[in-house]
Amino acid sequence: MNETLTEFTPWASLAGGVLIGLSAVMVMAVFGRIAGISGITNGVIGSVLPMGPVPKDRDWRIFFLLGLIAAPIVILVAGGTVSQTAPDNPVRMLLAGLLVGFGTAIGSGCTSGHGVCGLARLSPRSLLAVLTFMATGFATVFIMRHVLGVG
Amino acid sequence: MRSFMGFLSGLLFGLGLVVSGMSNPAKVLNFLDLAGSWDPSLAFVMGGAMVTTFIGYRLSWRRSAPALATSFDIPNSRLIDRPLIAGAALFGIGWGIGGFCPGPAWTALPLMATGTLIFVPAMLIGLWLGVRAKAQGLFASEGAMR
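Residues numbered from 1 in each chain as written. Chains lettered and ligands numbered in written order. Predicted model: local features only at pLDDT ≥ 70, side-chain atom pairs only at ≥ 80, totals over all residues. Heavy atoms only, no water.

**Brief notes about the side chain of A:Thr140**
The residue A:Thr140 is located in helix α6 (residues 124-147) in this model. Here the side chain of A:Thr140 touches A:Thr136 through a polar contact of 2.6 Å, landing on its backbone oxygen. (Helix = DSSP H or I, 4+ residues; strand = E, 2+ residues; numbered from the N terminus. Polar contact = N/O pair within 3.5 Å; in protein donor to acceptor, adjacent residues only side chain to side chain.)

As structure tokens, this is what we get:
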């Protein structure tokens, strides 16, 4: 896949960021929890696959994931557009998925849990996690695109 | 009520991901490509989300308890350990390879792109393996799993 150029969208991105923040605040105000998607996913799949104790408040997490999945459908039904260009090399996406799942489980969080919620709580652990995954993310794309020449 | 509020907060999060462009891997990969087709948009997503959450959390914590739960359950570990750093490093590599982190991957699922249909099951397997590996102490030291 060649790299797809994307337009710089500061206002849409800022507005989307505010919506994400409002969702995180809602999860805290209503359920008293951190809106970390890897943790929420863990809580849900823990009920299907054996992976230790299942959280008591699993109910809202299942519906949270359903809401996440419903979002683009709602936008499309409302007549909006959803731009989407995902890499389609199966080996690449398999490797990416395994690393994202494994890494967020080991590191107890992802872009939402450590990134949005952790930084908003001024957690030093989360700050370090964010700096680490940003650094390896930047390095990985540099190596892929500018050393190996893969989109 | 809990189900409805859970769904609503997930929907809000997903709408934010689509509106901001974060659910599009092409935009994420361009954000991470400082030396090439750099698209700084995602810094605005993070900024907007963080400032909103910073203010909203403090307003929420003024109440003695959350609306539909008995207490606030906030991770209080301050431990900087090997699992935290190793996990974040591996996650960043996967993020750079595929352009997806967990939230956007779920939101992109109904669009049924080939790459997404491979990524999501792989992510679930990875999560499961990671939880098992951590339970076995593969990355040593007493990391606090929330």
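Let's pick the thread back up.
**So, unusual backbone geometry**
All names here are of chain A. Its identity is not glycine, yet Ser108 carries a phi of approximately 55 degrees, on the positive side. Structurally, the position occupied by Ser108 is in the loop between α4 (90-106) and α5 (111-120). We classify Ser108 as partly exposed; its relative accessible area is 24%. (Buried < 20%, exposed > 50% of the residue type's maximum accessible area, 1.4 Å probe, protein only.)

**Points about the environment of A:Leu22**
Checked against the element boundaries, A:Leu22 lands in helix α1 (residues 10-31). On the accessibility criterion, A:Leu22 (41% relative accessible area) is partly exposed. For the pair formed by A:Leu22 and A:Glu3, sequence separation is 19 residues and the distance between their alpha carbons is 32 Å. Beyond its immediate stretch of four places on either side in the chain, A:Leu22 contacts B:Leu12 and B:Thr52. (Contact = heavy atoms within 4.5 Å.)

**Description of the packing of helix α2 (residues 37-45) of chain A against helix α3 (residues 58-77) of chain A**
Two quantities define a packed helix pair, namely the angle between the axes and the distance from one axis to the other. Residue and element names in this part refer to chain A. Between α2 and α3, the least distance of the axes is 9 Å, while the angle of their chain directions is 120 degrees. With respect to α3, the element α2 is oriented oblique. Considering the relative orientation of α2 and α3, their crossing is left-handed. Between α2 and α3, the residues in contact are Ile37, Gly39, Ile40, Thr41, Gly43 and Val44 and Arg58, Trp60, Arg61, Ile62, Phe64, Leu65 and Leu68, respectively. Partitioned by chemical class, the residues of the contact of α2 with α3 number 8 nonpolar, 3 polar and 2 charged. (Axes fitted to C-alpha atoms, helices over the stretch in contact; angles between N-to-C directions. Parallel < 35°, antiparallel > 145°, perpendicular 65-115°, else oblique. Left-handed = near helix turned anticlockwise from the far one by under 90°. Nonpolar A, V, L, I, M, F, W, Y, C, P; charged D, E, K, R; others polar.)

**What to know about the UniProt feature "transmembrane region" (unreviewed entry) in chain A**
Residue and element names in this part refer to chain A. UniProt feature "transmembrane region" (unreviewed entry): in the numbering of this structure it lies at residues 12-31, 62-82, 94-120 and 127-148. Strand forms 0% of residues 62-82 and helix 76%; the C-alpha atoms that close the span are 24 Å apart. As annotated, residues 94-120 has a helix share of 85% and a strand share of 0%, and its two end C-alpha atoms lie 32 Å apart. (UniProt positions renumbered as here; feature names shortened; annotations may be inferred.)

**Some thoughts on the nonpolar core**
Core analysis: the biggest nonpolar cluster contains 63 residues, and A:Phe64, A:Leu68, B:Trp95, B:Trp106 and B:Phe119 have the highest contact counts within it. In this view, A:Leu68 contacts A:Ile37, B:Gly10, B:Leu11, B:Phe13, B:Gly14, B:Leu17, B:Gly103, B:Trp106 and B:Thr107; residues no more than four positions away in its chain are not counted. (Core = buried A, V, L, I, M, F, W, Y, C linked by side-chain atoms within 4.5 Å.)

**What about the UniProt feature "transmembrane region" (unreviewed entry) in chain B?**
Residues given the UniProt feature "transmembrane region" (unreviewed entry) here are residues 41-59, 79-97 and 109-131 of chain B. In residues 109-131 of chain B, helix accounts for 78% and strand for 0%; the two terminal C-alpha atoms are 23 Å from one another.

**Observations concerning the packing of α5(A) against α6(A)**
Residues and elements named next belong to chain A. Remark: α5 packs on α6, axes separated minimally by 9 Å, with the N-to-C direction vectors making an angle of 130 degrees. Of the possible angle classes, the one that applies to α5 and α6 is oblique. The crossing of α5 and α6 is left-handed. Together, Thr111, Gly113, His114, Gly115, Gly118 and Leu119 of α5 and Ser126, Leu127, Ala129, Val130 and Phe133 of α6 make up the contact between the two elements. Considered class by class, the residues forming the contact of α5 with α6 number 5 nonpolar, 6 polar and no charged.

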